[in-house]
Amino acid sequence: MKLLKKPFSCTEEKATFHHEGFFWRCWFSGNVGDNNGSMWKFWYTNQSPSKNCTHAYLSPFPLLRDEHNSTSYDSAIIYRGFWTVLMLLGVLTVVVASFLIICAAPFASHILYKAGGGFFIVAGVLFSLVVVMYVIWVQAMADLENYTNMKKMDCPDFAVYVRYGWSFMLAPIGVFFALLAGMLFLLVGRYIYLHSD
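Report follows, based on the coordinates. Everything numeric in this text was worked out from a predicted model, so none of it was measured.

Cut-offs used in this document
- Residues numbered from 1 in each chain as written.
- Predicted model: local features only at pLDDT ≥ 70, side-chain atom pairs only at ≥ 80, totals over all residues.
- Heavy atoms only, no water.
- Helix = DSSP H or I, 4+ residues; strand = E, 2+ residues; numbered from the N terminus.
- Buried < 20%, exposed > 50% of the residue type's maximum accessible area, 1.4 Å probe, protein only.
- Contact = heavy atoms within 4.5 Å.
- Areas by Shrake-Rupley, 256 points an atom, 1.4 Å probe, with all protein chains shown as cover.
- Phe/Tyr/Trp six-rings, centres within 6.5 Å; stacked < 30°, edge-to-face > 60°.
- Lys NZ or Arg CZ within 6 Å of the ring centre and 35° of its normal.
- Arc of directions from axis to C-beta.
- Core = buried A, V, L, I, M, F, W, Y, C linked by side-chain atoms within 4.5 Å.

**Observations concerning the overall build of the protein chain**
Piece 1. When you go through the protein chain residue by residue, the secondary structure sums to five helices and five strands.
Piece 2. Secondary structure elements of the protein chain, listed N to C terminal, follow the sequence β-β-β-α-β-α-α-α-β-α.
Piece 3. Across the 197 residues that make up the protein chain, the buried fraction comes to 36%.
Piece 4. Expressed as a percentage of contacts within the protein chain between residues at least 6 apart in sequence, the contacts between residues at least 24 apart total 65%.
Piece 5. Of the roughly 12,100 Å² of accessible surface on the protein chain, a fraction of 66% belongs to carbon and sulfur atoms.

Here it is, written out as structure tokens:
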């Protein structure tokens, strides 16, 4: 997420860049140049020398805790907790499915193929829930509109831009391949069951 804002004097444009990951939440400031829409230039060629990071599970909002009331903060912690649990369950499910498929590799047990396929399908469903919950979290739970309105009282040119990273853009492809792998392994298990003696 990128928060563009001017300082209180509003004479020069500053930007605060936030990066929200699974384990870490980082932010750093920089000047908004002529090409302020280019995230490529900022992330790869013009990085700030100082960066602040904290554990992401301690900050359910992409903003500071003191700028929200306690009720919305507690609700966001619970929401982020469910999101984290679903993410970890998805990863665990993929690991279990992979282990079952590896154990069934010599085409000996159709049950292991079917179980592995079922676990891959469950992982795909869990990861799709994680993606949907993340969009809801950023767009609704973070309440960026009220934050922007509050900051515009001090600086009328304040603006917030939300941009999703590569990991978010590739997540639906991962969901598709998890579901595809699950269906293929279910078909392999069915084929072995029908053609076994």
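**Comments concerning the packing of aromatic side chains**
Piece 1. Applying the stated criterion across every chain yields a total of four aromatic pairs.
Piece 2. When the ring of Phe176 is compared with that of Phe177, the centres are 5.3 Å apart and the planes differ by 65°; the resulting orientation is edge-to-face.
Piece 3. You can call Phe177 partly exposed: its relative accessible area is 48%.
Piece 4. The aromatic ring of Tyr193 is capped on one face by Lys114, whose charged end is 4.9 Å from the ring centroid.

**What to know about helix α4 (residues 144–152)**
Piece 1. Turning to α4, its buried residues are Leu144, Tyr147, Thr148 and Lys151. Mapping the buried residues of α4 onto a view down its axis gives an arc of 100°, with all of them on the same face.

**What about the nonpolar core?**
Piece 1. Counting 15 residues, the largest nonpolar core has Trp83 and Tyr134 as its most contacted members.
Piece 2. Mapped by element, the contributors of at least two residues to this core are α2 (70–103), α3 (110–141) and α5 (166–194).
Piece 3. With nine residues, the top contributor of residues to this core is α3.
Piece 4. Contact partners of Tyr134, with chain neighbours within four places excluded, come to Glu20, Trp83, Tyr164 and Phe168.
Piece 5. By size, the runner-up hydrophobic cluster in this structure holds seven residues, among which are Ala97, Ile101, Ala104 and Ala181.

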